[in-house]
Every structure is written in structure tokens, then in C-alpha cells.
Amino acid sequence: MKTKLTYILGDITTVRVDAIVNAANSSLLGGGGVDGAIHRAAGVELLAECRTLGGCKTGEAKVTRGYKVPAKFVIHTVGPVWHGGNFNEAELLSSCYRNSLLLAQSVDVKTIAFPAISCGVYGYPIDKATTIALETVIKFLKERDEFDEITFVCFDQEILEVYRKIFKKYRV
Ligand code: AR6
């Protein structure tokens, strides 16, 4: 695998990559958590562009410019709300990663950073979500290994520890 996979502790709004992924809601008009942080850091122009997109379905992704964040693009994806695991949550979360990567490649992104989609307000269990994140990315790269680096940005120590374990398990 040519693409380097990494995880870091930090704030995704400050990461120097071609694209950062936003864990948005289907309105794409902002919210709390990482979504609020990205909108605050990128500025009002981001909201103006988001208003033109007509929202986004769960599991899908849309791209905008990054405006005042260092990243050139923001890829907005909508994770599933956790309802116990029998409501297609795993497939939808996997689709978020896959569709974000596909969209990133379509605009020539080489470096991309993901937050832990659905692991905040949407309540997805972190160990399950990180497994899906890593498995989906590895599967995608088996078909289209065209990035330089994919980074998982962990906002707190707890998620960082989970990523540490899962990276060890998958030997990446
Ligand atoms: N950088 C990286 N990760 C962050 C940051 C940051 N600046 N801020 C929070 N996180 P959440 P969700 C982590 O709730 O669960 C919003 O209101 C956070 O610790 O942001 O997908 C949207 O508008 C957690 O691990 O997203 C939606 O309505 C992870 O990002 C809803 O929340 C995701 O937490 C989406 O919920």
C-alpha cells in the first residue's frame, strides 16, 4: 500500500492537508461538535457555499472549498445516528468513508483527514466506528491506492487509544 495511514491527536481545523472531512448533518448548514468548529474556522463563506448544495443524505458526501482553514477542500459527509446497530448504521458509516474518499479523488486530493464520524452527538460506539473506518479505508485502497496520506484526527485521548489499538490489530 502506497498511501500512508496515520492517526493524530488534534483539532481537524488546523491540520495541513488537501481536504478535511466534516461530520455534518443532512442540512449542511452547521451544528455543534466538529461541524461547528469547521464552520467557525472556515468563516461565513463556507456556510454560503453550503446553502447552495441542497443538503446531503446520510452516508453521502459533498465538497466545498475550505476558505479560511488550511485545507483547500472540506468534504461534508453525514454519519448515521446510532440506534443500537440494527438500522443499517454500519453500512451507512462505511459509505461515509467510501464516498468521501471517492469525492476526494475526483478533485485530486492527495492528503485527507477524517474526524471520528458519528462518534460524538450521533452516539456511535467508538470501537465499532473506528473498526469500520479503518476497514473501509483499507478496502478502498486495495482498489484505488491513489492518496499520499490519510489521517484520522482524534479529538481526545480516548479515541486516540482506540485508534492505537486498531492500527496495531490491522498492522498499518
Ligand atoms: N477536530 C477533530 N475532531 C473533533 C473536533 C475537532 N475540532 N470537534 C469535535 N471532534 P460530532 P457526529 C470530534 O458530535 O457524532 C453536529 O452538530 C468529537 O470528539 O462532531 O457525527 C452536526 O451538525 C467526536 O469524536 O459529530 C451533526 O448534527 C467526533 O468529532 C452532529 O453533530 C464526531 O463528533 C453529527 O454528530
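Scroll up to find the structure this text is about.
Here's what I pulled together on the structure shown here. Every value quoted in this text rests on a predicted model; they were computed, and no experiment measured them.

Notes on the site of the ligand
Turning to step 1, where the next piece is worked out: Neighbouring residues of the ligand: 21 residues in total, closest Asn25, Gly32, Val34, Asp35 and Gly120.
Turning to step 2, where the next piece is worked out: In this structure, Gly120 approaches the ligand through a main-chain N or O atom, which is 2.8 Å from an oxygen atom.
Turning to step 3, where the next piece is worked out: Backbone polar atom of Val121 to an oxygen atom of the ligand: 2.8 Å apart, as the coordinates give it.
Turning to step 4, where the next piece is worked out: Notes on the ligand: free accessible area 700 Å², of which the protein chains cover 90%.
Turning to step 5, where the next piece is worked out: Taking a 2 Å distance to the grid points as the criterion, the majority of the atoms of the ligand fall inside the largest pocket.
Turning to step 6, where the next piece is worked out: Broken down by secondary-structure element, the contributors of at least two residues to the shell around the ligand are strand 2 (19-24) and helix 1 (33-42).
Turning to step 7, where the next piece is worked out: Considering each element in turn, the shell around the ligand owes the most residues, four residues, to helix 1.

Examining the packing of helix 4 (residues 126-143) against helix 5 (residues 157-170)
Turning to step 1, where the next piece is worked out: Axis separation between helix 4 and helix 5 bottoms out at 10 Å; the angle between their running directions is 45°. Viewed along their axes, helix 4 and helix 5 adopt a mutual orientation that is oblique. As for the relative orientation of helix 4 and helix 5, their crossing is right-handed in sense. Contacts between helix 4 and helix 5 involve Ile126, Asp127, Thr130, Thr131, Ala133, Leu134, Glu135 and Ile138 on the former and, on the latter, Glu158, Ile159, Val162, Tyr163, Ile166, Phe167 and Tyr170.
Turning to step 2, where the next piece is worked out: When its residues are assigned to classes, the contact of helix 4 with helix 5 shows ten nonpolar, two polar and three charged.

Calculation rules
Residues numbered from 1 in each chain as written. Predicted model: local features only at pLDDT ≥ 70, side-chain atom pairs only at ≥ 80, totals over all residues. Heavy atoms only, no water. Near = heavy atom within 4 Å. Polar contact = N/O pair within 3.5 Å; in protein donor to acceptor, adjacent residues only side chain to side chain. Areas by Shrake-Rupley, 256 points an atom, 1.4 Å probe, with all protein chains shown as cover. 1 Å grid on protein atoms, 1.4 Å probe; cavity = no way out; pocket = protein on both sides within 12 Å on 5 of 7 lines; lining within 4 Å. Sits in = over half its atoms within 2 Å of the grid points. Helix = DSSP H or I, 4+ residues; strand = E, 2+ residues; numbered from the N terminus. Axes fitted to C-alpha atoms, helices over the stretch in contact; angles between N-to-C directions. Parallel < 35°, antiparallel > 145°, perpendicular 65-115°, else oblique. Left-handed = near helix turned anticlockwise from the far one by under 90°. Contact = heavy atoms within 4.5 Å. Nonpolar A, V, L, I, M, F, W, Y, C, P; charged D, E, K, R; others polar.

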